[in-house]
Amino acid sequence: NAGVTQTPKFQVLKTGQSMTLQCAQDMNHNSMYWYRQDPGMGLRLIYYSASEGTTDKGEVPNGYNVSRLNKREFSLRLESAAPSQTSVYFCASSDWGLAGGETQYFGPGTRLLVL
Amino acid sequence: SQQGEEDPQALSIQEGENATMNCSYKTSINNLQWYRQNSGRGLVHLILIRSNEREKHSGRLRVTLDTSKKSSSLLITASRAADTASYFCATALTGGGNKLTFGTGTQLKVEL
């Protein structure tokens, strides 16, 4: 049981390049999330998917797109990377609960440097 | 602006001492959660307290919630060097579904 896995672990891009961050979970969770973490800013939600087939914008969606490929996988794409997107990206998953605010399980993160 | 703000931003204590960190938030919540992040790693869930609960315990952790003051505290008793990490509070807003809003974190250093 690997939990939440992310690839790659580390990536360097040049401004304007594109890339896709991959995330997969094996806990049969309905909901998945993408966050970015910057120094002193905590975690900020980029996009989330409440269930397979749905995606919604979070707090900071500009410059990103997502795909919920199936129940297990949720990818984050940067179409034209900018230095402001240098950050650590975390994927998380959770059950979907009627009461809301289910516990989230996080992957190890992807460190992205945009030059 | 951040929903959750932790205080203090950084805390340094000796092994065996207790560590207390606080979280304040702005709007109505369903629950509040605390997570730990070791350097360079993902976040790990510690404890969840619902809006109708006032105190919860888990091992050496004690969490309180005061919804009238919109604040929570996390107490780690008899701290160990292995407790060195960043601690984040996260709030599940009323009507916010399963989304969580994270605070800026408290960096705890436990020295031998």
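In case you missed it, the structure is sitting above this.
For the structure given in this document, a descriptive report is provided here. (Residues numbered from 1 in each chain as written. Chains lettered and ligands numbered in written order. Predicted model: local features only at pLDDT ≥ 70, side-chain atom pairs only at ≥ 80, totals over all residues. Heavy atoms only, no water.)

The next thing to look at is the sheet that holds strand β3 (residues 19-25) of chain A. Residues and elements named next belong to chain A. With respect to topology, 4 strands assemble into an open sheet ordered β1-β3-β8-β7, the strand pairing being antiparallel. Edge positions in the sheet fall to β1 (4-7) and β7 (64-68), since each has one partner strand and no second. Neighbour to neighbour, the strand axes of the sheet diverge by 20° on average, direction disregarded. The pairing of β3 with strand β8 (residues 74-78) spans 3 bridges and is classified as antiparallel. Looking across to β8, one finds that Thr 20 is bridged to Arg 77. (Pairing = 2+ DSSP bridges. Helix = DSSP H or I, 4+ residues; strand = E, 2+ residues; numbered from the N terminus. Axes fitted to C-alpha atoms, helices over the stretch in contact; angles between N-to-C directions.)

Counting 21 residues, the largest nonpolar core has B:Met21, B:Leu32, B:Trp34, B:Leu74, B:Ile76, B:Tyr87 and B:Leu108 as its most contacted members. Listed by contribution, the elements that provide at least two residues to this core are β3 (19-24), β4 (29-37), β5 (43-50), β7 (61-66), β8 (71-76), β9 (85-93) and β11 (106-111) of chain B. Ignoring any residue separated from it by four or fewer positions in sequence, one finds B:Ile76 in contact with B:Glu17, B:Asn18, B:Ala19, B:Met21, B:Arg60, B:Leu61, B:Asp83, B:Tyr87 and B:Leu108. Within the second largest apolar cluster, 20 residues are counted, among which are A:Val4, A:Cys23, A:Trp34 and A:Leu112. (Core = buried A, V, L, I, M, F, W, Y, C linked by side-chain atoms within 4.5 Å. Buried < 20%, exposed > 50% of the residue type's maximum accessible area, 1.4 Å probe, protein only. Contact = heavy atoms within 4.5 Å.)

All names here are of chain B. Here we have 5 strands laid out as an open sheet, ordered β1-β3-β8-β7-β6, and antiparallel in their pairing. On the outer flanks of this sheet lie β1 (5-7) and β6 (55-58), each paired with one strand and no other. Averaged over all adjacent pairs, the angle separating strand axes in this sheet is 20°, with direction ignored.

Worth remembering: the numbers are spatial, not functional.
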